[in-house]
Amino acid sequence: MLKDCKHVFKLDPAKEISDADLAAICESETDAIIIGGTDNITEDNVLNLMARVRRFSVSVALEITSTEAVVPGFDHYFIPAVFNTTDMKWQHGLMLEALAEYGHLLDYDEVSLLPYIIMNPECKAFRKAEGKVVAPEMVPHYINMMDKLYQTPYIYIEYSGTYGSPEVMQMVRENASHSHVIYGGGITSKEEAREMAQYSDTIVVGNIIYDSSKKALRTIIK
Ligand SMILES: CC(C)=CCC/C(C)=C/CC/C(C)=C/CC/C(C)=C/CC/C(C)=C/CC/C(C)=C/CC/C(C)=C/COP(=O)(O)OP(=O)(O)O
Ligand SMILES: O=P(O)(O)OC[C@@H](O)CO
Ligand SMILES: [Mg+2]
């Protein structure tokens, strides 16, 4: 689903958004919406946000971070797998448990693996997934492992909450030849969006939506 997307907004079910702001985001020229977050994700808040987004024609995917909050009716589902974790449960352990219990409900055409490298040690996702700090000189090795050995469909470079390093992203771009590269974190302006779009195939814009939807709309690049 993300393969044709240059720009995506990520909406957090645990955060409040007015109808007017949501309409502006969903009617914008963004390529898709992802619904997802790290904490306080419930069936109720996912269902509620999906129903509100479904009033618009934009494609909408769910990033599954809790098996308690999986709601049918999305265009696509992403299952995160954190490659720089210190506990394999965050790469495939929880996924395997979930598949053993719910695998019979899955339509694999609607589901994609979303492999992450979480670069910001201060963010919630890093703490939740018991991340291992990635030194810049290790970045090409992570990318080669994921892109050439695992041949993952996507590589999501996650700086959630902070703007990332262009030098790191340049290394990502130079080493990724198969995987679709996604960049997310701290984008608040068109200039930042353009800069990170040079090094990635898709940029994801999240938190700024909740600070200023007007600023968020300015990150859309075509
Ligand atoms: C209809 C249908 C599809 C039915 C399927 C039934 C079913 C339940 C199938 C199970 C599928 C499955 C295999 C699920 C696995 C679920 C699971 C527990 C995966 C692990 C998730 C994981 C690795 C979480 C770690 C954290 C992470 C990578 C989060 C990603 C999102 C993210 C980075 C958000 C940004 O954080 P945010 O909350 O915005 O932070 P701030 O508040 O600071 O901004
Ligand atoms: O919220 P921000 O910092 O924009 O990051 C977007 C996204 O990558 C979060 O998973
Ligand atoms: Mg967020």
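Residues numbered from 1 in each chain as written. Chains lettered and ligands numbered in written order. Predicted model: local features only at pLDDT ≥ 70, side-chain atom pairs only at ≥ 80, totals over all residues. Heavy atoms only, no water.

As annotated in an unreviewed UniProt entry, the protein chain carries the name Heptaprenylglyceryl phosphate synthase and is attributed to Salinicoccus hispanicus.

1. Some thoughts on the pairing of strand S4 (residues 76-82)
Of all seven residues in S4, seven are buried; the element is thus mostly enclosed. Of the two faces of S4, the one carrying His76, Phe78, Pro80 and Val82 and the one carrying Tyr77, Ile79 and Ala81 are both buried. In terms of strand pairing, strand S3 (residues 60-63) meets S4 through three bridges, oriented parallel. Bridged to Ala61 within S4 is His76. Here S4 runs beside strand S5 (residues 111-118); their pairing, made up of six bridges, is parallel. Each residue of the ladder has a partner; that of Phe78, found in S5, is Ser112. (Buried < 20%, exposed > 50% of the residue type's maximum accessible area, 1.4 Å probe, protein only. Helix = DSSP H or I, 4+ residues; strand = E, 2+ residues; numbered from the N terminus. Pairing = 2+ DSSP bridges.)

2. Examining the environment of His76
Mapping His76 onto the fold places it in strand S4. Among the residues examined, His76 registers a relative accessible area of 8% and is labelled buried. Here His76 is in contact with Met1, Val60, Ala61, Leu62, Asp109, Glu110, Val111 and Ser112, once residues within four sequence places are set aside. Looking at His76, its side chain comes within polar contact range of the main-chain oxygen of Glu110, at 3.2 Å. (Contact = heavy atoms within 4.5 Å. Polar contact = N/O pair within 3.5 Å; in protein donor to acceptor, adjacent residues only side chain to side chain.)

3. Re the side chain of Asn175
Secondary-structure assignment places Asn175 in helix H6 (residues 166-175). When sequence neighbours within four positions are dropped, the list of residues in contact with Asn175 reads Pro140, Ile143, Asn144, Asp147 and Lys148.

4. Quick notes on the sheet that holds S4
Judged by pairing direction, the barrel is parallel, and its eight strands sit side by side in the order S1-S2-S3-S4-S5-S6-S7-S8 before closing back on the first. On average, adjacent strands in this sheet sit at an angle of 30 degrees to one another, irrespective of strand direction. Sheet topology note: the S5/strand S6 (residues 154-158) ladder contains three bridges and is parallel. Within S6, the residue paired with Tyr116 across the bridge is Tyr156. Across the sheet, H6 lies against S6 and strand S7 (180-184), angled at about 165 degrees from S7, the strand it touches most. (Axes fitted to C-alpha atoms, helices over the stretch in contact; angles between N-to-C directions.)

5. Observations concerning helix H5 (residues 139-150)
Because the α-helix completes a turn every 3.6 residues, residues three or four places apart line up on one side. Taking 1.5 Å of rise per residue, the 12 residues of H5 would be expected to cover 16 Å, and the 15 Å separating its terminal C-alpha atoms lies within 8% of that figure. Looking at H5, one finds that the buried residues are Val139, Pro140, Tyr142, Ile143, Met146 and Asp147. Seen from one end, H5 has its buried residues packed into an arc of 160 degrees, which puts them on one side. Away from its buried face, by an angle of more than 90 degrees, H5 presents the exposed residues Leu149 and Tyr150. Gln151 sits one or two residues past H5 and shows a positive phi near 50 degrees. (Expected span 1.5 Å × (residues − 1). Arc of directions from axis to C-beta.)

6. Some remarks on the site of ligand 1
Taken together, 25 residues lie around ligand 1, and Thr38, Val70, Lys124, Glu158 and Asn207 are the ones closest in. Contact between ligand 1 and Lys15: an oxygen atom at 3.5 Å from a side-chain N or O atom of the residue. Here Asn207 contributes a side-chain N or O atom positioned 3.0 Å from an oxygen atom of ligand 1. Within the complex, the protein chains bury 91% of what would otherwise be the 1100 Å² of accessible surface of ligand 1. Breaking the shell around ligand 1 down by element, the ones donating at least two residues are S4, helix H3 (93-102) and helix H4 (124-128). Taken together, the residues of the shell around ligand 1 sort by class into 14 nonpolar, five polar and six charged. (Near = heavy atom within 4 Å. Areas by Shrake-Rupley, 256 points an atom, 1.4 Å probe, with all protein chains shown as cover. Nonpolar A, V, L, I, M, F, W, Y, C, P; charged D, E, K, R; others polar.)

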